[in-house]
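Each chain is listed here by its residues.
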Amino acid sequence: MGKTKNPGRRPKNSTDLKAEIIKAAKISFAQLGYEKSTIRHIAEIAKVDPSLIMHYYKTKEILFAESMEPPVEAQAIMNLLKVIPKETWGAAITEILLGEGKKTFPQSILGLIRAASTEEKAAQILKKTYEQQFLNSFKSINLDNFAIRSNLMSSLITGLIFTGEIVNLDGFKKASAEKKKKILAELIQNILTFKID
């Protein structure tokens, strides 16, 4: 008699497998960076054979490019600014970045910033994210001095991620979740609304 299939589990299709590989790649690139991430390590996280990753993506470079799309949080922030009162911008943006009990910034943003410091492809993606999802969006909501404010806000968030999560400096990283949110919300609100002559 042949083996009976487990009716409680359906086999994963290629879309499911590719999604798991991409998720694993994001984790690996965020934690280790591009150079130290290997196909074998990514396969271990995804619980697939390394040859399957090579079948779908051919090279680590292609996998990296596929996994390093602009973070969804960036678009969520800009969509939010269009529909909420100006006085609540700082708190709302902070909630996206550090809300719901998050101890650190989203892995998608961390991975992109870590990789951008050494990989030209990641730097291009980060620049594109900034130009399309921050700079143009700030302009679309008629924010005065939008280029200056966009640059300052991006620098603040990128700087905190780089110094706290990549360089591993104490300070903001070691603060309580509530203190982090309070400080970041105040800084973002000030950047977006302080008067510039």
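Summary of the structure given here. (Residues numbered from 1 in each chain as written. Predicted model: local features only at pLDDT ≥ 70, side-chain atom pairs only at ≥ 80, totals over all residues. Heavy atoms only, no water.)

## Considerations on the overall build of the chain
And then number 1: Looking only at helices and strands, the chain has 10 helices and zero strands in total.
And then number 2: Counting from the amino terminus, the chain carries its helices and strands in the arrangement α-α-α-α-α-α-α-α-α-α.
And then number 3: Considering only C-alpha atoms, the chain reaches an extent of 80 × 35 × 35 Å along its principal axes.
And then number 4: A burial count over the chain gives 40% of its 197 residues as buried.
And then number 5: For the chain, the proportion of contacts with a sequence separation of at least 24, taken over those separated by at least 6, is 65%.
And then number 6: Of the roughly 11700 Å² of accessible surface on the chain, 55% is carried by carbon and sulfur atoms.
And then number 7: Positive and negative charge centroids in the chain, built from 30 and 21 side chains respectively, lie 5 Å apart. (Helix = DSSP H or I, 4+ residues; strand = E, 2+ residues; numbered from the N terminus. Buried < 20%, exposed > 50% of the residue type's maximum accessible area, 1.4 Å probe, protein only. Contact = heavy atoms within 4.5 Å. Areas by Shrake-Rupley, 256 points an atom, 1.4 Å probe, with all protein chains shown as cover. Lys, Arg positive; Asp, Glu negative; His and termini not counted. Charge placed at Lys NZ, Arg CZ, Asp CG, Glu CD.)

## Observations regarding the side chain of Thr94
And then number 1: Relative to the helices and strands, Thr94 resides in helix 6 (residues 89-98).
And then number 2: A polar contact is formed between the side chain of Thr94 and the backbone oxygen of Gly90, at a distance of 2.8 Å.
And then number 3: What Thr94 contacts, discounting residues up to four positions off in sequence, is Gly99, Lys181, Leu184, Ala185 and Ile188. (Polar contact = N/O pair within 3.5 Å; in protein donor to acceptor, adjacent residues only side chain to side chain.)

## Topic: the side chain of Ser37
And then number 1: Position of Ser37 relative to the elements: it lies in the loop between helix 1 (14-36) and helix 2 (39-46).
And then number 2: A polar side-chain atom of Ser37 sits 2.8 Å from a polar atom in the side chain of Ser28.
And then number 3: Dropping the residues within four chain positions of it, Ser37 is found in contact with Ser28, Phe29, Leu32 and Lys60.

## Considering a nonpolar patch on the surface
And then number 1: Together, Phe162, Val167 and Leu169 line one region of the surface with nonpolar side chains, adding up to about 250 Å² of accessible area.
And then number 2: By the element assignment, Phe162 lies in helix 9 (residues 146-166). (Patch = residues over 30% accessible without salt bridge, like charges linked within 9 Å, V, L, I, M, F, W, Y side chains within 5 Å. Salt bridge = Lys/Arg side-chain N within 4 Å of Asp/Glu carboxyl O.)

## Notes on helix 6
And then number 1: In terms of burial, helix 6 is largely enclosed, as eight of its 10 residues are buried.
And then number 2: Listed in full, the buried residues belonging to helix 6 are Trp89, Gly90, Ala92, Ile93, Thr94, Ile96, Leu97 and Leu98.
And then number 3: Each element contacted by the buried residues of helix 6 is listed here: helix 5 (72-81), helix 7 (107-116), helix 9 and helix 10 (177-193).
And then number 4: Following helix 6 by one or two positions, Glu100 adopts a phi angle in the positive range, close to 55°.

## Here's the deal with the packing of aromatic side chains
And then number 1: In total, this model carries five aromatic pairs according to the counting rule given.
And then number 2: Above the ring of Phe194, the side-chain terminus of Arg149 is found at 5.2 Å from the ring centroid. (Phe/Tyr/Trp six-rings, centres within 6.5 Å; stacked < 30°, edge-to-face > 60°. Lys NZ or Arg CZ within 6 Å of the ring centre and 35° of its normal.)

## Here we look at the pattern of salt bridges
And then number 1: All chains considered together, the criterion is met by three salt bridges.
And then number 2: Across the pair Glu95 and Lys181 runs a salt bridge whose closest N-O atoms are separated by 3.2 Å. Placement of Glu95 in helix 6 and of Lys181 in helix 10 is noted, with a sequence separation of 86 residues between them.
And then number 3: Using a relative accessible area of 38% as the deciding quantity, one classes Glu95 as partly exposed.
And then number 4: A salt bridge links Lys127 to Glu131; its shortest N-O distance comes to 2.4 Å. Of this pair, Lys127 and Glu131 are both found in helix 8 (residues 120-140), four residues apart, which corresponds to roughly one turn of the helix.

Everything listed here is a matter of coordinates, which is why it stays silent on function.
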